[in-house]
Amino acid sequence: MEDVEQDRKRAELGDTDAPAEDEVAEAFEKIVSEGAQRLHRRWREVLATGLAGGLEIAVGVLALLAVLEATGSELLAGLAFSIGLIALMLGRSELFTEGFLVPVTAVFAGRASTAQLAKLWAGTLVANLVGGWLVMWVVVLAFPELADTAIESATHFVEAPLDVQSVALAFLAGSVITLMTRMQHGAHSETGKIVASVIGGFLLAGLVLFHSILDSLLIFGALHAGAPFGYFDWLGWFWYTLLLNMAGGLFVVTLIRLVRSKELIERERAAVASGH
């Protein structure tokens, strides 16, 4: 009778010591599995998915510029930009700043190496920028009426001083995009994932946070439209934004997740060491 009661309590608690922790363990296993698959891809696959990601984000930038031109509202433009994040999610493409939580967790769990992580980051970053540059060139050719809006929006970034506000905006952008990734992996339906994408787009573009990929594509569009600045001006903004996006994604959302999953990571590493 005592054994039956213990089994009943165990069933109530789930696989771990608290019902809520079962969901954490399930999400962790999903993240590690996906991260390992992404990290074990070949260069061709990394570049292809990164290129597609740049194309899809550029579509979101097109929507942003169209709404901003029509309404003058950055908040509404941010909602429009979420089209690009939804396309990215549904198309299973890759965005550089989405490569923090999932791949890093897989590396900590022993399912992939730091060299594979570096390959993913480098390949995705370059491919995102190349794909976005190409689409923004086509956008400017197709919609010349958006040129002034693109130049005005881009000027805000390239002329921003490297001060406390710029640092905070870039740091927040990295945190927000990684939080979006975390929410998507915690969602149990496509609708929930889409909602997370809309939230991410609204915060990133609607609040004009400094995001290394999104805002680079805005700057590329402005450069194609004949902006009064050049690629060196973009690089002067891009280098610190990129680093601070990484810091925000890695040292806030990802680190908290790793700390919470410490026992799960240790168990996964032990399984890897034993050949499972």
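The coordinates are above.
The structure displayed is predicted, hence computed values, not measured ones.

Asker: What's the story with unusual backbone geometry in this structure? I'm lost.
Answerer: Residues apart from glycine generally show negative phi values, whereas peptide bonds are mostly found in trans. Here the phi dihedral of Arg92 falls at roughly 55°; this positive angle occurs in a residue that is not glycine. Relative to the elements of secondary structure, Arg92 occurs in the loop between α4 (74–90) and α5 (101–108). Take Arg92: its relative accessible area is 53%, and that puts it in the exposed class. We note that Val208 has phi near 55°; this positive angle belongs to a residue other than glycine. Secondary-structure assignment places Val208 in the loop between α9 (190–206) and α10 (214–224).

Asker: Honestly, the side chain of Thr149 in this entry has me stumped. Any pointers?
Answerer: Among the structural elements, Thr149 can be located in helix α7 (residues 147–158). Each residue touching Thr149, except ones within four places of it in the same chain, is listed here: Leu65, Leu68 and Glu69.

Asker: What am I meant to see in α5 here?
Answerer: Along an α-helix, residues three or four apart share an orientation, since each turn contains 3.6 residues. The element α5 is largely enclosed, with a buried count of seven among its eight residues. Here α5 has its buried residues at Leu101, Val102, Pro103, Val104, Thr105, Ala106 and Val107. Gly110 sits one or two positions beyond α5 and adopts a positive phi of about 85°.

Asker: So what exactly am I meant to see when it comes to a nonpolar patch on the surface here?
Answerer: There is a patch of nonpolar side chains on the surface, built from Leu51, Leu55, Val126, Val130, Trp133, Leu134, Trp137, Val138, Leu141 and Tyr231 and spanning about 880 Å² of accessible area. Of all the elements in the fold, those that place two or more residues in the nonpolar patch are α3 (43–71) and α6 (114–142). Examined against the element boundaries, Leu55 turns out to sit in helix α3. A relative accessible area of 34% means that Leu55 is categorised as partly exposed.

Asker: For this particular structure, what's the right way to read the packing of helix α11 (residues 231–260) against helix α12 (residues 262–273)?
Answerer: If you want to describe how two helices pack, look at the angle between their axes and the distance between the axes. Closest axis-to-axis distance for the α11/α12 pair is 4 Å, and the angle between their directions is 70°. Put simply, α11 runs roughly perpendicular to α12. Across from Leu258, Val259 and Arg260 in α11, the residues of α12 making contact are Lys262, Glu263 and Ile265. Of the residues contributing to the contact of α11 with α12, the split by class is three nonpolar, no polar and three charged.

Asker: Looking at this structure, I do not really get the side chain of Thr97. What am I missing?
Answerer: The topology assignment puts Thr97 in the loop between α4 and α5. The buried category is assigned to Thr97, whose relative accessible area is 0%. At 2.7 Å, the side chain of Thr97 and the side chain of His211 are in polar contact. Every residue in contact with Thr97, bar those within four places of it in the chain, is listed here: Ile177, Thr178, His211, Ser212 and Asn245.

Calculation notes
- Residues numbered from 1 in each chain as written.
- Predicted model: local features only at pLDDT ≥ 70, side-chain atom pairs only at ≥ 80, totals over all residues.
- Heavy atoms only, no water.
- Helix = DSSP H or I, 4+ residues; strand = E, 2+ residues; numbered from the N terminus.
- Buried < 20%, exposed > 50% of the residue type's maximum accessible area, 1.4 Å probe, protein only.
- Contact = heavy atoms within 4.5 Å.
- Patch = residues over 30% accessible without salt bridge, like charges linked within 9 Å, V, L, I, M, F, W, Y side chains within 5 Å.
- Areas by Shrake-Rupley, 256 points an atom, 1.4 Å probe, with all protein chains shown as cover.
- Salt bridge = Lys/Arg side-chain N within 4 Å of Asp/Glu carboxyl O.
- Axes fitted to C-alpha atoms, helices over the stretch in contact; angles between N-to-C directions.
- Parallel < 35°, antiparallel > 145°, perpendicular 65-115°, else oblique.
- Nonpolar A, V, L, I, M, F, W, Y, C, P; charged D, E, K, R; others polar.
- Polar contact = N/O pair within 3.5 Å; in protein donor to acceptor, adjacent residues only side chain to side chain.

Any functional reading would require information that these geometric values do not contain.
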